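An overview of the molecular structure
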Amino acid sequence: MASYKSDRLAEDVKRELTAILRELKDPRIGQMLSIVRVDLSNDLSHCKVYVSSFEGLAVAQQSVEGLHSAEGFIRRELFHRLKMRKAPAMHFVADDSIAHAAEINQKLRDLEG
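Scoring rules and cut-offs
- Residues numbered from 1 in each chain as written.
- Predicted model: local features only at pLDDT ≥ 70, side-chain atom pairs only at ≥ 80, totals over all residues.
- Heavy atoms only, no water.
- Helix = DSSP H or I, 4+ residues; strand = E, 2+ residues; numbered from the N terminus.
- Buried < 20%, exposed > 50% of the residue type's maximum accessible area, 1.4 Å probe, protein only.
- Contact = heavy atoms within 4.5 Å.
- Areas by Shrake-Rupley, 256 points an atom, 1.4 Å probe, with all protein chains shown as cover.
- 1 Å grid on protein atoms, 1.4 Å probe; cavity = no way out; pocket = protein on both sides within 12 Å on 5 of 7 lines; lining within 4 Å.
- Points joined across faces, edges and corners; volume = space filled by probe spheres on them.
- Nonpolar A, V, L, I, M, F, W, Y, C, P; charged D, E, K, R; others polar.
- Expected span 1.5 Å × (residues − 1).
- Salt bridge = Lys/Arg side-chain N within 4 Å of Asp/Glu carboxyl O.
- Core = buried A, V, L, I, M, F, W, Y, C linked by side-chain atoms within 4.5 Å.
- Pairing = 2+ DSSP bridges.
- Axes fitted to C-alpha atoms, helices over the stretch in contact; angles between N-to-C directions.
- pLDDT = per-residue confidence, 0-100.

Focus: the overall build of the chain
Of the regular secondary structure elements, the chain holds 4 helices and 3 strands. From first element to last, N terminus to C terminus, the chain shows the α and β order α-β-β-α-α-β-α. Taken over the C-alpha atoms alone, the chain extends approximately 55 × 35 × 15 Å along its principal axes. Looking at the chain residue by residue over its 113 residues, the buried ones come to 37%. In the chain, the proportion of contacts linking residues at least 24 apart, taken out of those at least 6 apart, comes to 63%. Counting only carbon and sulfur atoms, one obtains 52% of the accessible surface of the chain, whose full area is about 7300 Å².

See below:
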């Protein structure tokens, strides 16, 4: 039962983080940044956020640095928006899954003719 609660809360965190990212004004954070997945620990104390950029892995890694700098603001906003007892520690990870999916899509299109 606890897994269901943490999965549901992880989806809520993902939705709110997407909204919070649009409000950040740090130039290191890419405009085409997307949250791929959110892993929330069972005790809700740690949150690992996988971010990817349409512009490539280098932009995603640079965005992770900006997100790390804004971690305090993000935690506070998340805490207030979701009415949580405790704001989880945020860990941002650069992911290249969007670029990888685009490459696969392009290869499939090339095979079609």
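A few points about the layout of surface pockets
In this structure, the largest pocket spans a volume of roughly 150 Å³. For the largest pocket, the full set of lining residues is Lys5, Leu9, Leu44, Leu82, Lys83, Met84, Arg85 and Lys86. Of the residues contributing to the lining of the largest pocket, the split by class is 4 nonpolar, no polar and 4 charged.

Re helix α3 (residues 71–82)
Along an α-helix, residues three or four apart share an orientation, since each turn contains 3.6 residues. Between its terminal C-alpha atoms α3 stretches 16 Å, which fits the 16 Å expected from 12 residues at 1.5 Å a residue. After α3 finishes, the residue lysine 83 shows a positive phi value of roughly 55 degrees.

Describing the pattern of salt bridges
In the structure shown here, the tally under the stated rule is 8 salt bridges. A salt bridge links glutamate 16 to arginine 15, with the shortest nitrogen-to-oxygen separation between them at 3.6 Å. The network of salt bridges with common partners includes Asp12, Arg15, Glu16, Glu23, Arg76, Glu77 and Arg81.

Focus on the environment of methionine 84
Along the chain, the position of methionine 84 falls in the loop between α3 and β3 (89–94). For methionine 84, a relative accessible area of 11% puts it in the buried group. Linking methionine 84 and leucine 9, residues 75 residues apart in sequence, is a C-alpha distance of 9.8 Å.

Brief notes about the nonpolar core
Judged by nonpolar contacts, the single largest core of 24 residues is most densely connected at Val13, Leu17, Val49, Leu67, Ile74 and Met90. When contributions to this core are tallied by element, the ones reaching two or more residues are α1 (2–23), β1 (33–40), β2 (46–53), α2 (57–69), α3 and β3. At 6 residues, the largest contribution of residues to this core is made by α1. Each residue touching leucine 17, except ones within four places of it in the same chain, is listed here: Ile35, Val49, Ile74, Leu78 and Met90.

Re the sheet that holds β3
Ordered by their spatial adjacency, 3 strands build an open sheet running β1-β2-β3, and the pairing between neighbours is mixed. Strands at the two margins of the open sheet, each flanked by one partner only, are β1 and β3. Within the sheet, the average angular offset between the axes of one strand and its neighbour, ignoring direction, is 25 degrees.

Concerning the confidence of the model for the chain
For the chain, mean pLDDT is 88; residues scoring 70 or higher make up 97% of the total. Within the chain, no element has a lower average pLDDT than helix α4 (residues 97–112), which sits at 85, and none a higher one than β3, at 94.

Here we look at the environment of isoleucine 104
Note that isoleucine 104 resides in helix α4. Its relative accessible area of 42% is what places isoleucine 104 among the partly exposed residues. The spatial distance from the C-alpha of isoleucine 104 to the C-alpha of leucine 57 is 16 Å, given a sequence separation of 47 residues.

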